[in-house]
Amino acid sequence: MPEGHTIHRLARQFNDVFGNARLTASSPQGRFADGAARIDGQILTGAQAHGKQLFAAFESGVILRVHLGLYGAWDFGGDETFRGASSIGAPRRVGERELGSEEVSYTGPPEPIGAVRLRLVSAHGWADLRGPSACEVLTPTEAAAIRAKLGPDPLNAARSDDGAVEFLQRIRSSARPVAVLLMDQNIVAGIGNVYRAELLFRNRIDPMLSGKQLSVEQVSMLWADAVVLLEEGVAKGRIITTELANRDRPDDVHYVYRRTGLACLICGEAVFGKELAGRNLFYCPGCQCQVRHLPD
Ligand SMILES: [Zn+2]
């Protein structure tokens, strides 16, 4: 599933290629025909990400909310103003087209292929949405209610203290393991399985400690590191969490994520993997668990 940095990149792309443009909206697949009709012909005034969800506002005030979930993806194409835009979301199936440099002039969107839930078209290009877990048109009140339930997003709150304070309160008031809390979008929005494992490793925190057991300093470090890592993810378009000096090989881009049984890049002990709340959790017992390794 795309983590928050991907959706922030998507919001930027929306603002770049569709910001202040009048769009036609349709649902070639038909499942979103009513929703598409509510935004058809309107100017897109701005797109914002909150965690893993995209909120795109239109001139009448209504807001398009899209959650890609596990399988959703956007594909883009168009003239030179769409250069660099291709697809965001789940990896595309082989054979789907991307706008290549060989395409000399833009003559309009292609025939929709497959189950396109929503197609947006401007004078310069198009975007197709397939397979989202949520796609709906909301009033501003409805959108605000959804966002109020979400935890703070390290990428939205990075420049104010509000996010850090809210994160601290939400984490430290819970008896659930911190590894579960970091995946709960109502605690903090935008962190998925990769960032969860890597944040806990980088801050040497035992994933099974409860929120209440963490110190203020530990939670503050987690938040500050989430801001750094997610901002890098937005800049690079991928998740890289290892410091250059810690890599045995150039492709050691994670410390523990999907490294079960491999030697920890820091202490050499085997990285551990286990299922927690239905998702795979990765951690290094040597670096993170004081029960087995007492601190010096
Ligand atoms: Zn280790």
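Calculation criteria
Residues numbered from 1 in each chain as written. Predicted model: local features only at pLDDT ≥ 70, side-chain atom pairs only at ≥ 80, totals over all residues. Heavy atoms only, no water. UniProt positions renumbered as here; feature names shortened; annotations may be inferred. Pairing = 2+ DSSP bridges. Helix = DSSP H or I, 4+ residues; strand = E, 2+ residues; numbered from the N terminus. Donors = N, O, S within 2.8 Å, 3.2 Å for Na, K, Ca; no water. Tetrahedral: all angles 85-135°; square planar, octahedral: opposite > 155°, others 65-115°. Phe/Tyr/Trp six-rings, centres within 6.5 Å; stacked < 30°, edge-to-face > 60°. Buried < 20%, exposed > 50% of the residue type's maximum accessible area, 1.4 Å probe, protein only. Lys NZ or Arg CZ within 6 Å of the ring centre and 35° of its normal. Axes fitted to C-alpha atoms, helices over the stretch in contact; angles between N-to-C directions. Contact = heavy atoms within 4.5 Å. Core = buried A, V, L, I, M, F, W, Y, C linked by side-chain atoms within 4.5 Å. Salt bridge = Lys/Arg side-chain N within 4 Å of Asp/Glu carboxyl O.

- The protein chain goes by DNA-(apurinic or apyrimidinic site) lyase in an unreviewed UniProt entry, where it is assigned to Arthrobacter russicus.
- Recorded in UniProt for the protein chain, the comment headed Catalytic activity (unreviewed entry) runs: "2'-deoxyribonucleotide-(2'-deoxyribose 5'-phosphate)-2'-deoxyribonucleotide-DNA = a 3'-end 2'-deoxyribonucleotide-(2,3-dehydro-2,3-deoxyribose 5'-phosphate)-DNA + a 5'-end 5'-phospho-2'-deoxyribonucleoside-DNA + H(+)".
- Quoted verbatim from the Sequence similarities (unreviewed entry) field of the UniProt record, the comment on the protein chain reads "Belongs to the FPG family."

## Observations concerning the pairing of strand β10 (residues 272–276)
Piece 1. Pairing of β10 with strand β11 (residues 279–283) involves five bridges; the strand directions are antiparallel. Within β11, the residue paired with K274 across the bridge is L281.
Piece 2. What sits between β10 and β11 in their antiparallel hairpin is a turn of two residues, with A277 showing a positive phi close to 50 degrees.

## Quick word on the coordination of the zinc ion
Piece 1. Taken together, the protein ligands of the zinc ion are C264 (SG), C267 (SG), C284 (SG) and C287 (SG), with distances of 2.3 to 2.4 Å.
Piece 2. Geometry at the zinc ion is tetrahedral, judged from its four donor atoms and the angles of 96 to 120 degrees they form at the metal.

## A word on the packing of aromatic side chains
Piece 1. This structure, assessed with the given rule, holds nine aromatic pairs.
Piece 2. Ring geometry for F14 and W74: centres 5.0 Å apart, planes at 75 degrees, overall edge-to-face. One end of the pair, F14, is in helix α1 (residues 4–18); the other, W74, is in strand β5 (residues 73–78), with 60 residues separating them in the sequence. Of the two residues examined, F14 and W74, each falls in the buried class.
Piece 3. Look at F18 and F82: their rings are 5.7 Å apart centre to centre, the planes differ by 70 degrees, and that puts the pair in the edge-to-face class. Highlighted residues: F18 in helix α1 and F82 in the loop between β5 and β6 (87–89), separated in sequence by 64 residues. You'll find F18 and F82 in the same group, each marked buried.
Piece 4. These aromatic residues form a ring-pair network of at least three members: F14, F18, W74, F76 and F82.
Piece 5. Looking at R119, its charged tip hangs above the ring of W126, at a distance of 5.7 Å from the centre.

## As for the sheet that holds strand β3 (residues 53–58)
Piece 1. Strand order in the open sheet formed by four strands is β2-β3-β4-β9, with antiparallel pairing between adjacent strands. Every interior strand has two partners, whereas the edge strands, β2 (44–50) and β9 (134–138), have only one. Neighbour-to-neighbour, the strand axes of this sheet turn through a mean angle of 15 degrees, independent of strand direction.
Piece 2. Two strands pair when backbone bridges link them, and β2 and β3 are joined in this way by six bridges, in the antiparallel orientation. Residue pairing for β3: G46 is matched across the bridge by A57.
Piece 3. Helix-sheet contacts for α1 involve β2 and β3, and the interaxial angle to β2 is about 170 degrees.
Piece 4. On top of the sheet, helix α3 (residues 140–149) reaches β2, β3, β4 (63–67) and β9; it is set at about 135 degrees to β9, its chief contact.

## Focus: the nonpolar core
Piece 1. If you look at the biggest cluster of nonpolar residues, it comprises 42 residues, and the most contacted ones within it are F167, I171, L182, I191, L222 and V256.
Piece 2. Looking at this core, the elements that each hand over two or more residues are α4 (162–172), α5 (178–181), α6 (193–202), α7 (216–236) and β11.
Piece 3. Aside from chain neighbours lying at most four places away, what touches I191 is E3, K52, L182, M183, Q185, R196, L199, A226 and L230.
Piece 4. Listed in part, the 32 residues of the second largest apolar core include F14, A49, V66 and L118.

## Points about the pattern of salt bridges
Piece 1. Counting across every chain of the model gives 12 salt bridges.
Piece 2. Where R65 meets E136, a salt bridge forms, and the shortest distance between an N and an O atom there is 2.8 Å. Of this pair, R65 sits in strand β4 while E136 sits in strand β9, and the two are 71 residues apart along the sequence.
Piece 3. Classification of R65 by relative accessible area gives buried; the value is 12%.
Piece 4. You can call E136 partly exposed: its relative accessible area is 28%.
Piece 5. Residue R170 is joined to E166 by a salt bridge in which the shortest nitrogen-to-oxygen separation is 2.6 Å. Of this pair, R170 and E166 both sit in helix α4, separated by four residues, roughly a single helical turn.
Piece 6. For E166, a relative accessible area of 27% puts it in the partly exposed group.

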